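Listed here are the chains, written in short residue letters.
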Amino acid sequence: SRPESRATSGKLAIIGGHSHGFGAPGAAYAEALKAGVGVCKVLLPDAIKKTVKLVLPDASFGPSNPSGSFSKLALADFLEISSWADGVLLAGDMGRNSETAILLEQYVQKYSGLLVIAQDSADYFKAFPQLLMNRPNTVLVISLAQLQKIFINAPLMTPITYGMTLPQLAEALHEFTDKFPLTIVVKHHDLIFVASGGEVVST
(Lines give C-alpha, C1' and ligand atoms only; values in the text may rest on other atoms or scores of the structure.)
Protein backbone atom coordinates (compact mmCIF):
# COMPACT_ATOMS: atom_id res chain seq x y z
CA SER A 1 0.00 0.00 0.00
CA ARG A 2 1.11 3.53 -0.69
CA PRO A 3 2.28 5.28 2.51
CA GLU A 4 -0.22 7.86 3.72
CA SER A 5 2.48 10.31 4.78
CA ARG A 6 5.25 11.70 2.58
CA ALA A 7 7.51 11.50 5.62
CA THR A 8 7.37 7.70 5.46
CA SER A 9 7.51 7.43 1.67
CA GLY A 10 11.27 7.38 1.34
CA LYS A 11 13.96 9.38 -0.40
CA LEU A 12 14.86 8.57 -4.00
CA ALA A 13 17.88 9.78 -5.96
CA ILE A 14 17.63 9.66 -9.76
CA ILE A 15 20.83 9.88 -11.81
CA GLY A 16 21.11 10.11 -15.57
CA GLY A 17 21.12 12.24 -18.67
CA HIS A 18 23.68 13.64 -21.08
CA SER A 19 23.90 16.67 -23.36
CA HIS A 20 21.65 15.15 -26.04
CA GLY A 21 18.91 13.82 -23.80
CA PHE A 22 17.47 13.78 -20.33
CA GLY A 23 14.09 12.18 -21.06
CA ALA A 24 14.74 9.07 -18.94
CA PRO A 25 15.58 10.85 -15.66
CA GLY A 26 12.84 13.42 -16.32
CA ALA A 27 10.22 10.73 -16.87
CA ALA A 28 11.44 8.78 -13.83
CA TYR A 29 11.14 11.91 -11.69
CA ALA A 30 7.56 12.51 -12.85
CA GLU A 31 6.57 8.88 -12.26
CA ALA A 32 8.17 8.84 -8.81
CA LEU A 33 6.15 11.87 -7.75
CA LYS A 34 3.02 10.34 -9.24
CA ALA A 35 3.65 7.10 -7.33
CA GLY A 36 3.91 8.99 -4.05
CA VAL A 37 7.61 9.13 -3.26
CA GLY A 38 8.42 11.18 -0.18
CA VAL A 39 11.32 13.23 -1.53
CA CYS A 40 13.05 12.90 -4.90
CA LYS A 41 16.29 14.47 -6.08
CA VAL A 42 17.76 14.35 -9.58
CA LEU A 43 21.44 14.50 -10.54
CA LEU A 44 22.30 15.46 -14.11
CA PRO A 45 25.55 16.38 -15.93
CA ASP A 46 26.23 20.11 -15.85
CA ALA A 47 26.42 20.17 -19.65
CA ILE A 48 22.61 20.39 -19.71
CA LYS A 49 22.16 22.80 -16.82
CA LYS A 50 20.89 25.64 -19.03
CA THR A 51 18.55 23.30 -20.92
CA VAL A 52 16.76 21.80 -17.92
CA LYS A 53 16.74 24.57 -15.32
CA LEU A 54 13.12 25.44 -16.18
CA VAL A 55 11.97 21.81 -16.51
CA LEU A 56 13.70 20.47 -13.39
CA PRO A 57 14.45 23.58 -11.31
CA ASP A 58 15.52 21.56 -8.24
CA ALA A 59 17.98 19.32 -10.08
CA SER A 60 21.60 19.04 -9.00
CA PHE A 61 24.47 18.89 -11.46
CA GLY A 62 27.74 17.00 -11.57
CA PRO A 63 30.82 17.56 -13.72
CA SER A 64 30.53 16.52 -17.35
CA ASN A 65 33.12 15.72 -19.99
CA PRO A 66 33.44 17.30 -23.47
CA SER A 67 30.92 14.82 -24.90
CA GLY A 68 28.26 15.97 -22.42
CA SER A 69 28.14 12.83 -20.28
CA PHE A 70 29.17 12.51 -16.65
CA SER A 71 32.93 12.74 -16.14
CA LYS A 72 35.00 10.79 -13.63
CA LEU A 73 34.96 13.88 -11.41
CA ALA A 74 31.23 13.31 -10.81
CA LEU A 75 31.95 10.39 -8.47
CA ALA A 76 31.83 12.62 -5.40
CA ASP A 77 28.43 13.96 -6.49
CA PHE A 78 27.15 10.42 -7.11
CA LEU A 79 28.22 9.32 -3.63
CA GLU A 80 26.89 12.45 -1.93
CA ILE A 81 23.36 12.16 -3.33
CA SER A 82 23.44 8.39 -2.72
CA SER A 83 24.30 8.85 0.95
CA TRP A 84 21.24 11.09 1.29
CA ALA A 85 18.82 8.68 -0.43
CA ASP A 86 17.16 5.45 0.66
CA GLY A 87 17.64 4.18 -2.87
CA VAL A 88 19.19 5.23 -6.17
CA LEU A 89 17.86 4.85 -9.72
CA LEU A 90 20.32 5.01 -12.60
CA ALA A 91 17.55 6.04 -14.97
CA GLY A 92 19.34 6.06 -18.31
CA ASP A 93 20.17 8.45 -21.15
CA MET A 94 23.77 8.19 -19.99
CA GLY A 95 25.15 8.28 -23.52
CA ARG A 96 27.97 6.00 -24.59
CA ASN A 97 31.22 7.24 -23.15
CA SER A 98 34.33 5.48 -21.86
CA GLU A 99 34.85 8.00 -19.07
CA THR A 100 31.28 7.50 -17.84
CA ALA A 101 31.93 3.75 -17.91
CA ILE A 102 34.90 4.20 -15.55
CA LEU A 103 32.78 6.43 -13.31
CA LEU A 104 29.97 3.86 -13.05
CA GLU A 105 32.45 1.05 -12.37
CA GLN A 106 33.93 3.02 -9.47
CA TYR A 107 30.50 4.06 -8.22
CA VAL A 108 29.00 0.57 -7.91
CA GLN A 109 32.06 -0.57 -5.99
CA LYS A 110 31.89 2.31 -3.50
CA TYR A 111 28.09 2.60 -3.02
CA SER A 112 26.54 -0.34 -1.17
CA GLY A 113 22.93 0.82 -0.86
CA LEU A 114 19.83 -0.04 -2.86
CA LEU A 115 20.52 0.49 -6.56
CA VAL A 116 18.15 0.13 -9.53
CA ILE A 117 19.74 0.19 -12.99
CA ALA A 118 17.53 0.76 -16.02
CA GLN A 119 17.62 1.49 -19.76
CA ASP A 120 21.04 2.29 -21.26
CA SER A 121 22.61 2.56 -17.80
CA ALA A 122 22.65 -1.24 -17.84
CA ASP A 123 24.62 -1.29 -21.11
CA TYR A 124 27.72 -0.17 -19.24
CA PHE A 125 27.71 -3.47 -17.33
CA LYS A 126 26.97 -5.91 -20.17
CA ALA A 127 30.61 -6.71 -20.85
CA PHE A 128 31.51 -6.97 -17.14
CA PRO A 129 28.39 -8.22 -15.33
CA GLN A 130 30.61 -9.45 -12.48
CA LEU A 131 30.57 -5.87 -11.19
CA LEU A 132 26.90 -6.40 -10.31
CA MET A 133 26.44 -10.15 -9.99
CA ASN A 134 27.71 -10.35 -6.40
CA ARG A 135 26.36 -6.97 -5.31
CA PRO A 136 23.38 -7.20 -2.92
CA ASN A 137 20.58 -4.61 -3.08
CA THR A 138 20.82 -4.40 -6.87
CA VAL A 139 17.94 -4.52 -9.35
CA LEU A 140 18.41 -4.67 -13.13
CA VAL A 141 15.40 -3.54 -15.17
CA ILE A 142 16.43 -4.56 -18.67
CA SER A 143 15.36 -5.78 -22.08
CA LEU A 144 15.79 -9.35 -23.27
CA ALA A 145 18.61 -8.19 -25.57
CA GLN A 146 20.48 -6.71 -22.60
CA LEU A 147 19.89 -9.86 -20.58
CA GLN A 148 21.24 -11.93 -23.46
CA LYS A 149 24.52 -9.99 -23.51
CA ILE A 150 24.89 -10.16 -19.74
CA PHE A 151 24.46 -13.94 -19.84
CA ILE A 152 27.04 -14.22 -22.63
CA ASN A 153 29.63 -12.69 -20.32
CA ALA A 154 28.48 -14.45 -17.15
CA PRO A 155 30.05 -17.83 -16.28
CA LEU A 156 28.12 -21.10 -16.43
CA MET A 157 24.81 -19.56 -17.50
CA THR A 158 22.14 -20.91 -19.84
CA PRO A 159 22.20 -18.89 -23.10
CA ILE A 160 19.32 -16.45 -23.55
CA THR A 161 17.62 -16.59 -26.98
CA TYR A 162 14.60 -14.87 -28.47
CA GLY A 163 13.14 -18.24 -29.39
CA MET A 164 13.24 -19.74 -25.89
CA THR A 165 9.95 -20.64 -24.26
CA LEU A 166 8.66 -18.88 -21.18
CA PRO A 167 9.48 -21.86 -18.91
CA GLN A 168 13.01 -21.94 -20.34
CA LEU A 169 13.49 -18.24 -19.57
CA ALA A 170 12.10 -18.74 -16.09
CA GLU A 171 14.52 -21.62 -15.50
CA ALA A 172 17.47 -19.54 -16.72
CA LEU A 173 16.49 -16.67 -14.42
CA HIS A 174 16.07 -19.11 -11.54
CA GLU A 175 19.52 -20.57 -12.17
CA PHE A 176 21.13 -17.12 -12.32
CA THR A 177 19.49 -15.51 -9.30
CA ASP A 178 19.88 -18.68 -7.22
CA LYS A 179 23.66 -18.26 -7.53
CA PHE A 180 23.91 -14.48 -7.37
CA PRO A 181 22.12 -11.85 -5.20
CA LEU A 182 21.16 -9.75 -8.23
CA THR A 183 17.45 -9.11 -8.89
CA ILE A 184 16.36 -9.06 -12.54
CA VAL A 185 13.23 -7.55 -14.10
CA VAL A 186 12.79 -8.36 -17.81
CA LYS A 187 9.95 -8.38 -20.33
CA HIS A 188 9.44 -11.23 -22.83
CA HIS A 189 6.35 -12.05 -24.90
CA ASP A 190 4.28 -9.36 -23.13
CA LEU A 191 5.08 -10.86 -19.72
CA ILE A 192 7.19 -9.17 -17.07
CA PHE A 193 9.48 -11.56 -15.19
CA VAL A 194 10.90 -10.71 -11.78
CA ALA A 195 13.63 -13.00 -10.48
CA SER A 196 15.27 -12.76 -7.07
CA GLY A 197 16.89 -15.28 -4.76
CA GLY A 198 16.11 -18.12 -7.14
CA GLU A 199 12.39 -17.34 -7.21
CA VAL A 200 10.74 -16.21 -10.45
CA VAL A 201 7.32 -14.61 -10.84
CA SER A 202 5.65 -13.25 -13.96
CA THR A 203 2.74 -10.95 -14.67
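From a predicted model like this one, the values you see are computed outputs, not experimental measurements.

Rules used throughout
Residues numbered from 1 in each chain as written. Predicted model: local features only at pLDDT ≥ 70, side-chain atom pairs only at ≥ 80, totals over all residues. Heavy atoms only, no water. Salt bridge = Lys/Arg side-chain N within 4 Å of Asp/Glu carboxyl O. Helix = DSSP H or I, 4+ residues; strand = E, 2+ residues; numbered from the N terminus. Buried < 20%, exposed > 50% of the residue type's maximum accessible area, 1.4 Å probe, protein only. Contact = heavy atoms within 4.5 Å. Pairing = 2+ DSSP bridges. Right-handed = clockwise from strand over helix to strand, strands pointing away. Expected span 1.5 Å × (residues − 1). Core = buried A, V, L, I, M, F, W, Y, C linked by side-chain atoms within 4.5 Å. Arc of directions from axis to C-beta. Phe/Tyr/Trp six-rings, centres within 6.5 Å; stacked < 30°, edge-to-face > 60°. Lys NZ or Arg CZ within 6 Å of the ring centre and 35° of its normal.

1. Here's the deal with the pattern of salt bridges
Here is step 1 of the chain: Tallying each qualifying case throughout the model produces 3 salt bridges.
Here is step 2 of the chain: Ionic pairing is found between Arg96 and Asp123, a salt bridge with its closest N-O pair at 3.6 Å. Here Arg96 is found in the loop between β4 (87–92) and α4 (98–110), whereas its partner Asp123 is found in the loop between β5 (114–118) and α5 (130–133), with 27 residues between them in sequence.
Here is step 3 of the chain: When its relative accessible area of 72% is taken as the criterion, Arg96 is described as exposed.
Here is step 4 of the chain: For Asp123, a relative accessible area of 17% translates into the label buried.

2. Digging into the environment of Pro155
Here is step 1 of the chain: Along the polypeptide, Pro155 turns up in the loop between α6 (144–152) and α7 (166–179).
Here is step 2 of the chain: According to the relative accessible area criterion, Pro155 is partly exposed, its value standing at 43%.
Here is step 3 of the chain: As for Pro155 and Asp123, which are separated by 32 residues in sequence, their C-alpha atoms are 18 Å apart.
Here is step 4 of the chain: Pro155 has contacts with Gln130 and Met133, leaving out every residue within four places of it along the chain.

3. Remarks on the pairing of strand β2 (residues 39–45)
Here is step 1 of the chain: Judged by how many residues are buried, β2 sits mostly within the fold: 5 of 7 residues are covered.
Here is step 2 of the chain: The sheet contact formed by strand β1 (residues 11–16) and β2 spans 5 bridges and is parallel. When the bridges of β2 are listed, Lys11 appears paired with Val39.
Here is step 3 of the chain: Taken together, β1, helix α1 (residues 23–35) and β2 form a β-α-β motif whose crossover is right-handed.

4. Quick look at unusual backbone geometry
Here is step 1 of the chain: Phi is positive for Asp93, close to 55 degrees, though the residue is something other than glycine.
Here is step 2 of the chain: Assignment of secondary structure puts Asp93 in the loop between β4 and α4.

5. Description of α1
Here is step 1 of the chain: If you check α1, its first and last C-alpha atoms are 18 Å apart, about what 13 residues at 1.5 Å a residue would give, namely 18 Å.
Here is step 2 of the chain: Buried residues along α1 sit against β1, β2 and β4.
Here is step 3 of the chain: Taken from the residues just after α1, Gly36 is the one with a positive phi, measuring 100 degrees.

6. Thoughts on the nonpolar core
Here is step 1 of the chain: Ranked by internal contacts, the top residues of the largest apolar core, which has 44 residues, are Ile15, Phe78, Leu90, Tyr107, Leu147 and Phe176.
Here is step 2 of the chain: Excluding residues within four positions of it along the chain, Tyr107 makes contact with Ile15, Leu75, Phe78, Leu79, Ser82, Val88, Leu90 and Leu115.

7. Overview of α4
Here is step 1 of the chain: Along its 13 residues, α4 runs 19 Å from first to last C-alpha, staying within 8% of the 18 Å computed at 1.5 Å per residue.
Here is step 2 of the chain: Within α4 the residues assigned to the buried category are Thr100, Leu103, Leu104, Tyr107 and Val108. Viewed end-on, α4 has its buried residues packed into an arc of 125 degrees, placing them on one side of the element. In α4, the exposed positions that point more than 90 degrees away from the buried face belong to Ser98, Gln109 and Lys110.
Here is step 3 of the chain: Looking at the buried side of α4, the elements it contacts are β1, α3 (75–84), β4, β5 and α5.

8. Looking at the packing of aromatic side chains
Two aromatic rings are characterised by how far apart their centres lie and by the angle between their planes.
Here is step 1 of the chain: Scanning the entire structure with this criterion turns up 5 aromatic pairs.
Here is step 2 of the chain: When the ring of Phe70 is compared with that of Phe78, the centres are 4.9 Å apart and the planes differ by 90 degrees; the resulting orientation is edge-to-face.
Here is step 3 of the chain: Residue classification places Phe78 among the buried positions, given a relative accessible area of 0%.
Here is step 4 of the chain: Ring centres of Tyr107 and Tyr111 lie 5.4 Å apart, and the angle between their planes is 15 degrees; this geometry places the pair in the stacked category.
Here is step 5 of the chain: On the basis of relative accessible area, Tyr111 is assigned to the buried category, the value being 10%.
Here is step 6 of the chain: An aromatic cluster of three or more residues is present, and its members are Phe70, Phe78, Tyr107 and Tyr111.
Here is step 7 of the chain: Sitting over the ring of Trp84, Lys41 keeps its end group 4.3 Å from the ring centre.

Purely geometric stuff here, so don't read any function into it on its own.
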